[in-house]
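So you can see what is in the structure, the chains are spelled out below.
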Amino acid sequence: MSVVMDLFKTICSLPHCSRQAESLKEYIIKQAKAYGYDVKTDKVGNILCSHPDATLILQAHYDMVCIGEAPRLELYEEAGRLRAKNSSLGADNGIGMAMMLSLMSEKKTISCLFTADEEVGLIGAQGIELPIKEKLMLNLDTEEEGHVYIGCAGGSDVISTKAVHRLAIDEEVDTYEIIVDDLPGGHSGVDIDKNIPSAIKMLASFLVHIPHYLIEIEGGERRNSIPKRARAVVSVPSGVILDTKLSNITINRVKDCEKMMLAQGHKIIEMIHAFAQGVRAFNPELGIVQNSINLALIETNEKEVKVSLSARSMDSEELLVLVDETVCFFRAFDFMAKSEGTYPAWKPEVNPFAVRVQEVCQRHFEKADFTAIHAGLECAILKQYAPHLDIASIGPNIYDTHSSRESVEIASVERVYSALQENVKECS
């Protein structure tokens, strides 16, 4: 297996969930210094590895979405792909990091920017305080070979909360735990148009037609993942039979449940059921989703019910409209709602550097077209931070990111790395 894949396996051996990637950070710094690069960091955890003569800077983030048993990754190969048993793999963006480390080990005339905590709000890019003198930036965080990415969606999180008030149940009831589990999950951006069911929506659609008293509800894994699991505890009038033919729903009887019901609990279920999850608009010119929103998380504690959503748009103004509509929707159900973590769209731009990258890729792939991605890349923020940069993005075939099904095509890594080496040579 190649140096790149060996380095990726080393990366996989080091815990690097978002906000918990200190060991990988130390490894990157140690390796970069050993390779002879000047290393600087900033207060949010970004790492800049500089070569004094570089005109090209490569960029990747060094955190991963941890699903399932991650960060303990048990790697295995299957049908030409590398996977992790019962967990996300972290090929997003570990492969990009491995390519950068491989090139640095060869003492290439490049600089490399490793950004922190991209998966939890692009925190590294948002707070960067490092000098970027290079004129060209090649991002390595896209997931389909043979394309040159020149644009990405902007995004914003919507956080809605409602104070918990509990009431006694004044009739004879039976209490059940209802679990939706083992759904595929997926990335809330690039997978949002793949008809992947949401566990939270499936749970609400099951409960909305049943007379019940809601005691607690929880669901989802990450703000940027399509929920694969959800759970509710409900009491139903004695004599009501709960049954389902869906294999993903499990119903368990609960004995001696002492918690009282949530006031307006049925309204909360109706709200979730009524919310329009998924694609809101399509962009025919780019052939991708234009606007989308993912109801990512719901949780109940003793103080509040909290719902977290992730909105995306290929247009920054349309993003603000989508966020405003979502805030108004939840406020109509007496929730307090606000947006946070907003980042701009990277407006598609065919710059001279992108044309050069495309010309190189056309020598390696049958078709190397310009496209954009319905997901958040740090390119838009970094372009605002360093307006002098021309930016493009490439990457290998990575499948089912942000899920326990994530995999990377090994041969694709080799092909993209060959194209990257030629791009580095032309820009040196």
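(A) Focus on the sheet that holds strand β5 (residues 81–84). Pairing in this open sheet of 4 strands is antiparallel, and the strands run β4-β5-β25-β24 from one edge to the other. The sheet terminates laterally at β4 (75–78) and β24 (398–399), the two strands that pair on one side only. The pairing of β4 with β5 spans 4 bridges and is antiparallel. Counted as the bridge partner of E78 is R81 from β5. Running over the sheet, helix α10 (residues 410–427) touches β4, β5 and β25 (407–409) and is turned about 55 degrees from β25.

(B) Main features of the nonpolar core. Judged by nonpolar contacts, the single largest core of 66 residues is most densely connected at L58, M104, F114 and L138. Apart from the residues lying within four places of it in its own chain, the contact partners of L58 are M100, L103, I110, S111, C112, L113, L138, L140 and L420.

(C) Molecular detail of the layout of surface pockets. Here the largest pocket defines a volume of roughly 650 Å³. Considering the residues around the largest pocket, the lining is formed by 37 residues, among which E119, V120, G121, R223 and N224 are closest to the centre. Only β9 (154–163), β20 (304–313) and β21 (336–343) provide two or more residues apiece to the lining of the largest pocket. Taken together, 22 residues make up the lining of the second largest pocket; nearest its centre are E144, Y149, V190, K194 and I373. Going through the elements one at a time, β8 (147–152), β19 (288–300), β22 (369–373) and β24 are the ones with two or more residues in the lining of the second largest pocket.

Reading the values: the criteria
The residue numbering used here restarts from 1 in each chain and proceeds along that chain's sequence as written. Given that the model is predicted, a residue must reach a pLDDT of at least 70 before its local features are reported, and side-chain atom pairs must reach 80 or more before they are shown or counted; all residues, however, enter totals for whole chains, interfaces and linings. As a rule here, side-chain values cover all heavy atoms of the structure and leave hydrogens and water aside. Strand pairing is assigned whenever DSSP detects at least two bridges linking the two strands. A run of H or I in DSSP counts as a helix once it spans at least four residues, and a run of E counts as a strand once it spans at least two, with each numbered from the N terminus. For this analysis, residues touch if any pair of their heavy atoms sits within 4.5 Å. Fitted lines through C-alpha atoms give the axes, limited to the stretch in contact for helices. The angle between two N-to-C directions lies from 0 to 180 degrees. Definition of nonpolar core: a set of buried residues of the types Ala, Val, Leu, Ile, Met, Phe, Trp, Tyr and Cys, connected through side-chain atoms within 4.5 Å. Buried, partly exposed and exposed residues are distinguished by accessible area as a fraction of the type maximum, computed with a 1.4 Å probe on protein chains only: under 20%, between the cut-offs, and over 50%, respectively. Residues are called lining when one of their atoms sits within 4 Å of a cavity or pocket point, these points coming from a 1 Å grid over the protein atoms alone, where a cavity is a set in which a 1.4 Å probe fits but cannot get out and a pocket is an open set with protein on both sides within 12 Å along at least five of seven lines. Grid points are joined across faces, edges and corners, and a volume is the space filled by probe spheres set on the points.

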